[in-house]
Amino acid sequence: MARDGAVYACQSCGSVQTKWAGQCAGCGAWNSLVEEIQSRPPGALAPAKSSARGRGLAFEGLEQHTPAPPRIATGVEEFDRVCGGGVVPGSAILLGGDPGVGKSTLLLQVAASAAMRGAACAYISGEEAIEQVRSRAHRMGLAAAPVKLAAETALREILEGLKKERFDLVIIDSIQTMWSDAHEAGPGSVTQVRAAAGELVRLAKKRGVAVILVGHVTKDGAIAGPRVVEHMVDAVLSFEGERGYPFRILRGAKNRFGATDEIGVFEMGDVGLTEVRNPSALFLNTAGERAAGAAVFAGIEGSRPVLVEVQALVAPSAYGTPRRAVVGWDSGRLAMVLAVLEARCGLGFGDRDVYLNVAGGLRISEPAADLAAAAALASSALDRALPQDCVVFGEISLSGDVRPVSRMESRLKEAAKLGFRRAFAPKDAEGGAGLAVTGAARLADAIQRIGDGDW
Ligand code: TYD
Ligand code: MG
């Protein structure tokens, strides 16, 4: 029997159940239900005091024009761009990322840069002591920035402190370490994270402060704690990077004030993160000849063209069930491209392992990468290298057609700028940017050309 007021909250999705179970009925996660004391049943509103009369809803028209919200440009341009041109006062941003990816480093730089430009910034760390944050700032050459530091986890103290002074930007590192004495649940639990986020978002709205919350990420990439935090904030950004690569990519997953397809690229070095203003050549493997199985994809990330090497390895399978492994691309999309190669081009992969990797830790989500992946796969399967100076892009349909994609001219222009002379692309791209474009209308023709080395 559950104690009075005790409920079980899933630490993964935030759904609340009245009985403990091994598996969450909401999201299917195992062992994620934790007992929490609720002061009142979930979803129930506190009963209105008899003296408190409702004010009623005041309606307004659509016609009144609200000018675009002013933004605080932090001066870290890659960050500002992903936010949609700076942070909006009164907005709340959640920044998620694996431990050690560089969230604290990025936000310290953002705070320092904004402070140097005159914004009143506070950095509240619940994870590190002030001395640690300070020594990192010194190492990164940010010691002169007038950022107000605090090491605190008690929400009450933080809210009090933030009410005493006027701030433009407040960083809370991390939301999982914050706890409110109004709730009995332990720090890091769903109830606490939700309560702390709720209070901080309210503060942001009420006082017009931009609040950035750091959120830890679980193994499968979700921001730990309740999904509801993602719904509470105005923007959700994720900071990503592959182990072993210095590159870090900031990506928008949700943004009420801007596009979500922008990325910001950084390089982690000895003195913190450096912005990579022109990342187009970053993900290219320029050393040596291009091997069989590699194709350079001319992609678009947000507003910028980015060239990236797609690498495939097709090898005889040692086991009954062939392996399919993909890094940096969608495995469903890989399955589709393999099926089209098999059905429309006669290339069989049934008894072969297939590995596909996007170089440099970038993650591609554009359908325009289909043809580059197919070219890399065919190049590996047929053991024919693609020309060194060739870029590839195009969407593949289930019927085996190569379809035009967006912004073909910018893709070709960027490739030309980086010294590429040829492109393997949809027919409509022919003649663009002075490149020799081998236009393919059908995937089968394209694969034929790769096999024949016919360029
Ligand atoms: P950190 O910002 O603490 O990560 P997070 O807050 O996401 O957990 O970054 C930690 C990593 O970054 C750590 O492995 C060391 C590395 N790092 C550098 O390589 N150079 C630097 O100048 C700094 C500050 C950190
Ligand atoms: Mg940190």
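Since the model is a prediction, treat every value here as computed from it, not as a measurement.

Participant: I'd like a description of the domain arrangement of the chain, backed by residues and values.
Facilitator: When its domains are assigned, the chain resolves into domain 1 (6–37), domain 2 (77–277) and domain 3 (294–452). The centre of domain 1, based on its C-alpha atoms, is set 43 Å off from the matching centre of domain 3.

Participant: Which residues make up the pairing of strand β14 (residues 304–316), and what values do they have?
Facilitator: A regular strand places its side chains so that they alternate between the two faces of the sheet. Inspection of the sheet shows strand β13 (residues 294–301) paired to β14 by eight bridges, in the antiparallel sense. Bridge pairing in β14 places Val296 opposite Glu309. Counting the residues between successive antiparallel strands, the hairpin from β13 to β14 contains two residues, one of them, Gly302, with a positive phi of roughly 65°. Examined bridge by bridge, β14 and strand β16 (residues 352–358) share seven bridges and lie antiparallel to one another. Among the inter-strand pairings, Ala315 is bridged to a residue of β16, identified as Asp353.

Participant: Requested: an account of the nonpolar core, with residues and values cited.
Facilitator: Counting 133 residues, the largest nonpolar core has Ala111, Ala375 and Val392 as the members making the most contacts within it. Ranked by residue count, the leading element in this core is helix α8 (residues 370–381), at nine residues. In this view, Ala111 contacts Cys121, Tyr123, Val147, Leu169 and Ile171; residues no more than four positions away in its chain are not counted.

Participant: So what about the sheet that holds strand β17 (residues 390–392)? Which residues, and what values?
Facilitator: Across the sheet, seven strands lie side by side as β15-β16-β14-β13-β17-β20-β21; this open sheet has mixed pairing. At either end of the open sheet lies a strand with only one pairing partner, and these are β15 (324–327) and β21 (436–440). Ignoring strand direction, the axes of neighbouring strands in this sheet form an average angle of 25°. For β17 and strand β20 (residues 422–426), the ladder comprises three bridges, and the chain directions are parallel. Of the residues in β20, the one forming a bridge with Cys390 is Arg422.

Calculation rules
Positions within a chain are numbered from 1, following the residues in the order the chain's sequence is written. Think of it this way: whatever chain is written first is A, whatever ligand is written first is 1, and the rest follow in order. At least 70 in pLDDT is required for a residue's local features to be given in this predicted model, at least 80 for side-chain atom pairs to be given and counted, and no such filter applies to totals for whole chains, interfaces and linings, which use all residues. Here the bounds of each domain stem from an automatic or database domain assignment. Pairing between two strands is assigned when DSSP locates at least 2 bridges connecting them. Secondary structure elements are defined from DSSP: runs of H or I of at least 4 residues count as helices, runs of E of at least 2 residues count as strands, and each element is numbered from the N terminus. Linking buried Ala, Val, Leu, Ile, Met, Phe, Trp, Tyr and Cys residues through C-beta atoms within 7 Å yields a set, and such a set is a nonpolar core. In this scheme every C-beta is placed from the backbone, and a residue whose C-beta has 20 or more other C-beta atoms within 10 Å is buried, one with 12 or fewer is exposed, and one in between is partly exposed. What counts as a contact is two residues whose backbone-derived C-beta atoms lie within 7 Å of each other. Only the stretch in contact is used when a helix axis is fitted, and all axes are lines through C-alpha atoms; the angle between N-to-C directions ranges over 0 to 180 degrees.

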